[in-house]
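Residues per chain, in single letters:
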Amino acid sequence: MEHVLIIVGIAVVVAGGAGAIAVPLVRRRGEGAAGQPGAGSGRAGTGTAERGQARPGAPEAGAQGPGGGIGTLPPAPAGPTAGTAPPEVERPLPSAGRLARLRGRLARSQTALGSALLSLLSSGKFDEDTWDEIEEILITADMGATPARELVDQLRTEVKVAGTRDPAQVRSLLRADLLVQVRPDLDRTLHTAPHGDRPGVVLMVGVNGTGKTTACGKLARVLIGDGGTVLLGAADTFRAAAADQLETWGSRVGATVVRADREGADPASVAFEAVTAGIADGVDTVIVDTAGRLHTKTGLMDELGKIKRVIAKHATVDEVLLVLDATTGQNGLRQARVFAEVVDITGIVLTKLDGTAKGGIVIAVQRELGVPVKLVGLGEGPDDLAPFEPEMFVDALLGD
């Protein structure tokens, strides 16, 4: 046994010097040793994968300086401890009908906006002051000055052409104009399906505090609820709790997690290994969580581009989802602009839309980036992430 330990120690030193030899994958939760049921498979139960340095040919991965590589922990005992039950895996709700089930929360968060608009419209008085008040309400609802002005001008013209002051008719015109601003024509399909033997890859980006890591876990639940298999990559290596959060989410729904064993490991290496493990395990989707890049930190933003390039060498990056806190309003738009310059954003995840958020942010961010809001977070519960539906959103906005 001593001879074996000495040999392993030498192998690790050599690997560390070369910077190219991969440390074997370690499964720590819900999976036995090699040869036992569940070993090496992301589809069987739940597990945590800890990867070593990037494999040969991995572009840019592992390029971080000393202390930034990805290590490994001692392997856990094979199989669950005798007399203990494996963690219970939940069966999440499917995505279909989620927004309808959560509609009450959405409506409550938009009551102030809808009530103020309808109060003005129901008065039947449409003078200059009334139109100015309507525009002001829309601007303070985070819609933005330009779209608010356009909407008011459009509604004002329609009311004049129709020759009506009937509150119900004006309200109907307002609903139609709001729906146009929300852009029901945008493709909100979430592209997560595998391509042959390659999994679909979703890259989650956004600043700290937006609920990005939680959104990764909730999205995993959505996809698993729809019958898919998911692997989570904990590439947010600068926040120690991020990988632990993903492990918790993964253990609840049966998703494997690939993570580093130390804080500050190279994020690109973790992302590379997550995709590699996803290919080996045959999962449908790999979701990669990234660090909360502050838009003022040029180096960190560059690293985000590096992560995307590394993944793209081995699999298609199907979605780059920008997670925004809906309560931050115009500040969120500034963040969105910077992220869009670094990576090609394919969709927006608006979190905390059930709180003090103002519904106009949906219109503003889509107009700013030209990409759709695909998912909205409407609470703290595990199944409170829902696909965005424009018509239902507008109805909730107006209190229907």
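Structure shown above.
Quantities reported herein were computed from a predicted structural model and do not represent experimental measurements.

## So, the overall build of the protein chain
Looking only at helices and strands, the protein chain features 14 helices and 10 strands. Put simply, the protein chain has 400 residues, and 50% of those count as buried. Across the protein chain, every contact between residues at least 6 apart in sequence was considered, and the portion connecting residues at least 24 apart equals 78%. Counting only carbon and sulfur atoms, one obtains 55% of the accessible surface of the protein chain, whose full area is about 17100 Å².

## Examining the packing of aromatic side chains
With the rule as written, the count across this model stands at two aromatic pairs. On the numbers, 5.5 Å between centres and 25° between planes, the contact of phenylalanine 126 with tryptophan 131 is stacked. Neither residue differs from the other here; phenylalanine 126 and tryptophan 131 are each classed as buried. An angle of 55° between the planes, with centres 5.2 Å apart, marks the rings of phenylalanine 388 and phenylalanine 393 as tilted.

## Regarding the pattern of salt bridges
Taken as a whole, this structure holds 18 salt bridges when the rule is applied. Where arginine 198 meets aspartate 197, a salt bridge forms, and the shortest distance between an N and an O atom there is 3.6 Å. Judged by relative accessible area, aspartate 197 falls into the exposed class, the value being 54%. Close ionic contact of lysine 212 with aspartate 289 constitutes a salt bridge, the shortest N to O distance being 3.2 Å. Of this pair, lysine 212 sits in helix α8 (residues 212-225) while aspartate 289 is found in strand β6 (residues 285-290), placing the two residues 77 residues apart along the sequence. Of the two residues examined, lysine 212 and aspartate 289, each falls in the buried class. Linked through salt bridges whose partners overlap, the residues forming this network are Arg175, Glu391 and Asp395.

## Notes on the pairing of strand β7 (residues 317-325)
Along β7, nine of the nine residues are buried, which leaves the element largely enclosed by surrounding structure. Pairing geometry for strand β3 (residues 200-205) and β7, over five bridges, is parallel. Bridged to methionine 204 within β7 is leucine 321. Taken together, the five bridges between β7 and strand β8 (residues 347-351) define a ladder with parallel strand orientation. Counted as the bridge partner of leucine 324 is leucine 350 from β8. The handedness of the β7 to β8 crossover, carried by helix α12 (residues 330-342), is right-handed.

## Observations regarding the nonpolar core
Core analysis: the largest hydrophobic core is formed by 78 residues, its most contacted members being Leu138, Leu178, Ile311, Leu322, Ile345, Ile348 and Leu350. The element best represented in this core is helix α10 (residues 267-281), accounting for seven residues. Isoleucine 345 has contacts with Val205, Val320, Leu322, Phe339, Ala340 and Val371, leaving out every residue within four places of it along the chain. With 23 residues, the next largest nonpolar core counts Val202, Val222, Val257 and Leu321 among its residues.

## Thoughts on the packing of helix α5 (residues 128-140) against helix α6 (residues 145-162)
α6 packs onto α5 with a crossing angle of 145° between their chain directions and a minimal axis gap of 9 Å. Crossing of α5 over α6 shows right-handed handedness. Taken together, the residues of α6 that come into contact with α5 (itself represented by Glu128, Trp131, Ile134, Glu135, Leu138 and Ile139) are Ala145, Ala148, Arg149, Leu151, Val152, Leu155, Arg156 and Val159. Taken together, the residues of the contact of α5 with α6 break down into 10 nonpolar, no polar and four charged.

## A look at a negative patch on the surface
Together, Asp129, Asp132, Glu133 and Glu136 give the surface a local cluster of negative charge. Of note, glutamate 136 is situated in helix α5.

What counts as what
Residues numbered from 1 in each chain as written. Predicted model: local features only at pLDDT ≥ 70, side-chain atom pairs only at ≥ 80, totals over all residues. Heavy atoms only, no water. Helix = DSSP H or I, 4+ residues; strand = E, 2+ residues; numbered from the N terminus. Buried < 20%, exposed > 50% of the residue type's maximum accessible area, 1.4 Å probe, protein only. Contact = heavy atoms within 4.5 Å. Areas by Shrake-Rupley, 256 points an atom, 1.4 Å probe, with all protein chains shown as cover. Phe/Tyr/Trp six-rings, centres within 6.5 Å; stacked < 30°, edge-to-face > 60°. Salt bridge = Lys/Arg side-chain N within 4 Å of Asp/Glu carboxyl O. Pairing = 2+ DSSP bridges. Right-handed = clockwise from strand over helix to strand, strands pointing away. Core = buried A, V, L, I, M, F, W, Y, C linked by side-chain atoms within 4.5 Å. Axes fitted to C-alpha atoms, helices over the stretch in contact; angles between N-to-C directions. Left-handed = near helix turned anticlockwise from the far one by under 90°. Nonpolar A, V, L, I, M, F, W, Y, C, P; charged D, E, K, R; others polar. Patch = residues over 30% accessible without salt bridge, like charges linked within 9 Å, V, L, I, M, F, W, Y side chains within 5 Å. Lys, Arg positive; Asp, Glu negative; His and termini not counted. Charge placed at Lys NZ, Arg CZ, Asp CG, Glu CD.

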